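Close look at the chain arrangement
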Amino acid sequence: MRTAATDLVGIDVPIFAFSHCRDVVAAVTNAGGLGVLGAVAHTPEQLDIDLAWIEQEVKGRPYGVDLLVPGKFAGAEAGGLDREALGELLPAEHRQWLDGMLDRYGIPPLPADAPSGGRSSGVGGMRVDPKSMAPLLDVLFAHETKLVASALGPPPPHFIERAHGAGIPVAALAGSVEHAIRHKAAGADLVVAQGTEAGGHTGQIATMVLVPEVVDAVGPLPVLAAGGIGRGRQLAAGMALGADGVWCGSVWLTTEEAETNPAVKEKFLRAGLGDTVRSRSMTGKPARMLRSPWTEEWESTDGPGTLPMPLQPMLVGEALARINRVADKPGTPANDLATYFVGQIVGSASMSSVRPARRVVLEMVEEFVDAVERLNGLAAS
């Protein structure tokens, strides 16, 4: 399967797999797609370890790295603040409200020796300001990455220049045609047209509507379809809309390799198609996640409202770590609260069972072939 997107990064099938789990990244790359490591919550040391491990596993096959490089965030006017300075911007009333909510649900404090955020929650360690991002970029460009992605806003000039100087193409995620046009103008090599069905940060336009408009607006730049894609028929649909491949994230969350919190993974396996909501409660920007009392509490009129990125993830990182640590028993308040980013395909056949990531790739390709043959048969008749 050759498209402009597969040729750009040198892969066999046009499936780009976003995951925070290095095992998923390696498995998809080894199955012929492109695993893309979501590294926003990594420390430089963790990123170096994970990229070295991926390279050892994939043995020269291509992989990518995704970072959040937004144009607007708290402290941006000062050129970026360090994490200690950002912490001082957290309002006392937000801390008090959050502590009160955790008390009402009976969530115990973390043990003294437990990490208080970072990768333990997947949120509290997010690095999106320039001062935190710079060391991650140093590590990234010291490795053999074949694609870098900017997930929030047009890739900044320094990011584009450094990547292109290293011969690495840049992908950028777009939730609207206007965003896609800005990405092309900024110098992106690949645009991911991400519909509202997607998990994580997403806009309000559906994939079926968004993709062909983006294809027409940025051509001949290659475009990937994203949002609600986890099956071969959806891969075929994305290609029919003019895309050169697909970008998938949620479907990997219930795979064997995924590091998804076991309690949350079990909730994903039991969830229905309508069990997600766009909420600012984890990052400060609209992100689709599993609906739970956590998201409902933040929407309550009694709540203090969410903070801008990166203050919101700093505020809630420890709280989410506390919840996840004791969320293993269904029916408990902690299990009820537990949530994570996931798209609207949760509850579909794509995420209803635990399978190896390689099997997911192969089944997508097999179903894609069946779908194309069916369409060819209709055309022939």
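Just above, that's the structure.
To start, this report covers the structure provided alongside it. (Residues numbered from 1 in each chain as written. Predicted model: local features only at pLDDT ≥ 70, side-chain atom pairs only at ≥ 80, totals over all residues. Heavy atoms only, no water.)

Describing the packing of aromatic side chains
Rules: Note on aromatic pairs: the rings of Phe, Tyr and Trp (six-membered ring only in Trp) are paired at centre separations within 6.5 Å, and the planes decide the class, stacked below 30 degrees, edge-to-face beyond 60, tilted for the rest. Elements are defined by DSSP. Helices are runs of H or I of four residues or more, strands are runs of E of two residues or more, and each kind is numbered from the N terminus.
Counted under the stated rule, the structure contains four aromatic pairs. With a centroid separation of 6.3 Å and an interplanar angle of 25°, the aromatic rings of Phe-18 and Trp-247 are classed as stacked. Within this pair, whereas Phe-18 is found in strand S1 (residues 15–19), its partner Trp-247 is found in strand S9 (residues 246–248), the two being separated by 229 residues in sequence. Taken together, the ring pairs connect Trp-97, Trp-294 and Trp-298 into an aromatic cluster.

Digging into the pattern of salt bridges
Convention followed: We count a salt bridge whenever a side-chain nitrogen from Lys or Arg sits within 4 Å of a carboxyl oxygen from Asp or Glu.
Across all of its chains, the model carries 10 salt bridges by this definition. One salt-bridge network, in which partners are shared between bridges, spans Arg-355, Arg-359, Glu-363 and Glu-366.

Quick notes on the packing of helix H5 (residues 92–104) against helix H13 (residues 311–325)
Worth spelling out the cut-off: Convention adopted: a line fitted to C-alpha atoms gives each axis, helices being fitted over their contacting stretch, and angles between N-to-C directions are expressed from 0 to 180 degrees. Here the word oblique covers every angle except those under 35 degrees (roughly parallel), over 145 (roughly antiparallel) and from 65 to 115 (roughly perpendicular). By definition, residues are in contact when any of their heavy atoms lie within 4.5 Å. Amino acids outside the nonpolar list (Ala, Val, Leu, Ile, Met, Phe, Trp, Tyr, Cys, Pro) and the charged list (Asp, Glu, Lys, Arg) are all regarded as polar, and Gly is one of them.
Look at H5 against H13: their axes get within 10 Å of each other, and the N-to-C directions meet at 10°. Considered as vectors, H5 and H13 are oriented roughly parallel to each other. Along the contact surface, H5 presents His-94, Arg-95, Leu-98, Asp-99 and Leu-102, while H13 presents Leu-315, Val-316, Ala-319, Arg-322 and Ile-323. By residue class, the composition of the contact of H5 with H13 is six nonpolar, one polar and three charged.

Side note on helix H3 (residues 44–58)
Where we set the bar: Under the convention used throughout, the expected extent of a helix is 1.5 Å for every residue step, that is, one less than its residue count. Exposure classes here rest on a 1.4 Å probe applied to the protein chains alone. A residue is buried below 20% of its type maximum, exposed above 50%, and partly exposed in between. Taking the helix axis as origin, the arc is that swept by the directions to the C-beta atoms.
With 15 residues, H3 extends 21 Å from end C-alpha to end C-alpha; this agrees with the ideal 21 Å at 1.5 Å per step. Among the residues making up H3, those that are buried are Leu-47, Asp-50, Leu-51, Ile-54, Glu-55 and Val-58. The arc that holds every buried residue of H3, seen down its axis, measures 135°, which confines them to one face. Across from the buried face of H3, at angles greater than 90 degrees, the exposed residues are Glu-45, Ile-49 and Gln-56. Of the residues one or two after H3, Lys-59 is the one with positive phi, at around 50°.

Observations concerning the nonpolar core
Formally: We call a set of buried residues a nonpolar core when its members are Ala, Val, Leu, Ile, Met, Phe, Trp, Tyr or Cys and they connect through side-chain atoms within 4.5 Å of each other.
Judged by nonpolar contacts, the single largest core of 72 residues is most densely connected at Ile-15, Leu-98, Trp-252, Phe-268 and Trp-294. Every residue in contact with Trp-252, bar those within four places of it in the chain, is listed here: Ile-15, Ala-17, Phe-18, Val-24, Val-28, Ala-258, Ala-357, Val-360 and Val-361. Of all hydrophobic cores here, the second largest spans 23 residues; its members include Ala-26, Leu-37, Met-133 and Leu-137.

Some thoughts on the environment of Glu-299
One can find Glu-299 in helix H12 (residues 293–299). When its relative accessible area of 57% is taken as the criterion, Glu-299 is described as exposed. Once the C-alpha coordinates of Glu-299 and Gly-87 are considered, the two residues, 212 residues apart in sequence, prove to be 23 Å apart.

Details of the sheet that holds strand S7 (residues 200–201)
The criterion, for reference: Paired strands, in this sense, are two strands between which DSSP finds at least two bridges.
Strand order in the open sheet made by the three strands is S7-S11-S10, with antiparallel pairing throughout. What marks the edges here is a single partner per strand, and that holds for S7 and strand S10 (276–279).

What to know about a nonpolar patch on the surface
Quick reminder of the rule: Residues qualify for a patch when their relative accessible area is over 30% and they have no salt bridge, like charges being joined within 9 Å and the nonpolar side chains of Val, Leu, Ile, Met, Phe, Trp and Tyr within 5 Å. With residues, only the protein chains shown are counted as cover, and all accessible areas are computed by Shrake-Rupley using a 1.4 Å probe.
Side chains of Ile-205, Met-208 and Val-209 sit close together on the surface and give an oily, nonpolar patch of about 270 Å² of accessible area. Judged by relative accessible area, Met-208 falls into the exposed class, the value being 54%.

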